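So you can see what is in the structure, the chains are spelled out below.
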Amino acid sequence: MPFSLLKYGFSKVHPSERHFQNLAELKSSYDVVIVGGGGHGLATAYYLAKQWGITNVAVLEKGYLAGGNTARNTAIIRSNYLTPEGVRFYDESIKLFQNLSNEFDYNILYSERGHLTLAHTDAAMRTSRWRAEVNKHLGVNSEVVYPDELAKLCPHLNLSQKVRYPIMGALHHPPGAIARHDAVAWGYARGASDRGVEIHTHTEVTGFNFENGRVIGVKTNRGDIRCGKVLQAVAGLSSEVSKLAGFKLPIKSIPLQACVSEPVKPFLDIIVVSGSLHVYVSQSSRGELVMGSASDPYPLYSTRSTLEFKEELMMHLLELFPFVGKLKLLRQWAGTADMTPDFSPVMGITPIQNYYIDAGWGTWGFKATPVCGTRMAETLATDKVPDLIKPFELERFYRFDQLGERGAASVGH
Ligand code: FAD
Ligand code: PYC
C-alpha cells in the first residue's frame, strides 16, 4: 500500500494534492519538447527524468492535464494479444503497472480481476484458441474455458442456449485488470514535475521550425520555443499534428464512445468482453458499470455522444445480463481513436530528424502507458529504437510488414 495513503488517512488535515508545479513562463529552449500531456507524454517525461537524467524537458498540453483519451478510456489492462510482438509488449506494461502505486507512492487503484473474451461462433472459438496458444508460449496466462467454467468465473452471465447468440466458450486471461486512469496520469505528472520537468497546460503546438531537414523548435499559441528533440504524443490528433510537421501517417480517426451506469452492489468482479455482440463491461470500485461498444462507423473529429450507441450497447448488454434492465445510465462520453490499418501502434523515429512519434493508439493505448513511456524515453535518450518497440516503427507500412491485431482489439470495428 502506498505509504502516503496511510499518512493521509491518519492525518488531521487533508490538503488537496498538487499534481504538478504551475509555471507561468515558458523557457526559450528545452532539450526535449513533448507535444501532448496525456498519459503517454507524461510517462515519457517521467522516465526521461528518472532513468536518463534528462530534465530540461517541457510537456506542452493544449487543454487541461490528461483531458484527452487518457480521461475517456475504460481503463482495461491486459496482454492477451494475438501477435508475439504485441503479447511481449503489453505483458511488459502489465509488469510495470503492477508496481506503479508503490513507485509513485500514490494509489492508482490497480485491480487485477481477470478478463473474459466471450466466443459465440466457431470462428471466435478458433481465435480464442490461437490467442491462448500464443500467450502461453510467451509465458502469459490465458486459457480457453467452456460454459461450466464460465458459470463459476461469472455466475451472473446468461449462459442459456436459448438466446440469439449462445456463448460457446471464452478466452480467460487472469492478469486482466483495471486502474484509475486519471491517477496514472497524475502519478506520472507529479513524478516528472518533482524531477524538474515543466508541464504547461493550455499551450497548443501550432507548427514546427526546421533547419536542414531537422526539427529545431516548436511554434505555440504562447510563442516559439527552440528544442533539441520533439516527441509527438497526441493520440486522437496524430495525423493533424504530423501534417504540421510535414509527413503523413496511415491513420484515420474514429469516435469511440463509452458510458457508466449508476452505482450498484458489486456483482461483477471480472471484465467481460464480447467482440461478436459489440459490448464490454466491468464494474468499478464505486459500483458503476463501465461499458462500451463498437467504434462509430465513420471517421470524425467530434466527441459528441449518440443515442444509437446507447441503444445498441444496451440491446447487447441485456443479452448477457438480462437483470440489469432497470439500471440507469449516469454519464456518456466519447474520445477519438487513431486507427492504423493493422490495429497496432506506431512508435519510434520519423522521416524528420530529431522528431519522434508515439501514435496509432486506437482503442487500446491506455494499457501501454508505462511500457510506452519507458521505451520512448530510451529512444529519445539514446537515439536507438529498443528491440521491444522496433516492430511498431512507422517504417513497417513501407515494408508491407504489418502486425495484425484486429482479432485481439476487444472493441468491434
Ligand atoms: P491522450 O490522453 O489523448 O493525450 C494526448 C494529448 O495531446 C491530449 O490531451 C490533447 O489535448 C493533446 N494535444 C493534441 N494536439 C495537441 C497540440 N497541437 N498541442 C498540444 N497538445 C495537443 N485503451 C486501453 O488500453 N484500454 C481501454 O479500456 C480503453 N478504452 C477506451 C475507451 C474509449 C471510449 C476511448 C476513446 C479510448 C479507449 N482506450 C483504451 C484507448 C486509450 O484511451 C488511448 O489509446 C490512450 O489514452 C492514449 O493516451 P495518450 O496519452 O497517447 O493520448
Ligand atoms: O483494449 O482492452 C482494450 C479495450 C477495451 C475497450 C476498449 N479498449
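To be clear, the structure that these remarks concern was listed above.
On a predicted model such as this, the values are computed, not experimentally measured, just so you know. (Residues numbered from 1 in each chain as written. Chains lettered and ligands numbered in written order. Predicted model: local features only at pLDDT ≥ 70, side-chain atom pairs only at ≥ 80, totals over all residues. Heavy atoms only, no water.)

## Here's the deal with the environment of E378
For clarity, the cut-off: Under the DSSP-based scheme used, a helix requires at least four consecutive residues in state H or I and a strand at least two consecutive residues in state E, with every element numbered from the N terminus. Contact criterion: two residues are considered in contact whenever any of their non-hydrogen atoms come within 4.5 Å of each other.
Looking at the secondary structure, you find E378 in helix α11 (residues 369-382). Measuring from C-alpha to C-alpha, the distance between E378 and Q51 comes to 8.5 Å, with 327 residues separating the pair along the chain. With residues near it in sequence (within four places) discarded, E378 still touches W52, D383, K384 and P386.

## What to know about the sheet that holds strand β4 (residues 111-112)
Selection rule: At least two bridges found by DSSP between two strands are what make those strands a pair.
One open sheet accounts for three strands, arranged β3-β8-β4; its pairing is antiparallel. Edge positions in the sheet fall to β3 (76-77) and β4, since each of these pairs with one other strand and no more.

## As for the site of ligand 1
The criterion, for reference: If even one non-hydrogen atom of a residue comes within 4 Å of a molecule or strand, that residue is called near it. N or O atoms within 3.5 Å of each other form a polar contact, as long as, within protein, one can give a hydrogen and the other can take it, and as long as residues adjacent in sequence are counted only when both atoms are side-chain atoms. Shrake-Rupley sampling with a 1.4 Å probe provides the accessible areas, and residues are treated as covered by the protein chains on show and by no other component. Under the scheme applied here, ten amino acids are nonpolar (Ala, Val, Leu, Ile, Met, Phe, Trp, Tyr, Cys and Pro), four are charged (Asp, Glu, Lys and Arg), and all others, including Gly, are polar.
Taken together, 35 residues sit near ligand 1, with E61, N69, T70, T74 and K367 positioned nearest. The contact in question runs from an oxygen atom of ligand 1 to an N or O atom on the side chain of T74, over 2.9 Å. Contact distances for ligand 1 include 2.9 Å between an oxygen atom and a backbone N or O atom of K367. When ligand 1 is considered free in solution it has 1000 Å² of accessible area, and contact with the protein chains removes 96% of it. Sorting the residues of the shell around ligand 1 by element identifies α2 (39-52), α3 (69-72) and β13 (252-261) as the ones contributing at least two each. Class assignment for the residues of the shell around ligand 1 results in 16 nonpolar, 14 polar and five charged.

## Points about the sheet that holds strand β15 (residues 279-283)
Stated formally: Axis lines are fitted to C-alpha atoms, over the contacting stretch for helices. Their N-to-C directions set the angle, which ranges from 0 to 180 degrees.
Pairing within the open sheet is mixed, and its eight strands lie in the order β6-β7-β5-β14-β15-β16-β13-β17. Since the sheet does not close on itself, it has two edges, and those belong to β6 (143-145) and β17 (329-339), each with one partner. Averaged over neighbouring strand pairs, the angle between their axes works out to 20 degrees when direction is ignored. The strands touched by helix α6 (residues 122-137) within the sheet are β5 (115-119), β6 and β7 (169-173), with β6 carrying the most contacts at an inclination of about 150 degrees.

## Observations concerning empty space enclosed by the protein
Note the threshold: Here a cavity denotes grid points, spaced 1 Å and computed from the protein atoms alone, that fit a 1.4 Å probe unable to get out, and a pocket denotes an open set having protein on both sides within 12 Å along at least 5 of 7 lines; residues with an atom within 4 Å of a point are the lining. Grid points are joined across faces, edges and corners, and a volume is the space filled by probe spheres set on the points.
Inspection of every chain in the model, using the stated rule, returns one cavity of 30 Å³ or more. Of the pockets and cavities examined, the largest cavity occupies roughly 40 Å³. Lining the largest cavity are H120, N158, V163, Y165, I167, L277, E319 and L320. Counted by class, the lining of the largest cavity contains five nonpolar, two polar and one charged residues.

## Comments concerning the packing of α2 against helix α8 (residues 181-194)
Heads up, the condition is: Here a crossing is called left-handed whenever its near helix is offset anticlockwise from the far helix by less than a right angle, and right-handed whenever the offset is clockwise.
Orientation of α2 relative to α8, taken along the N-to-C sense of each, is 35 degrees, at an axis distance of 8 Å. The two elements α2 and α8 meet at a crossing, and its hand is left-handed. Of the residues in α8, those touching α2 at G39, L42, A43, A45, Y46 and Y47 are A185, Y188, A189, G191 and A192.

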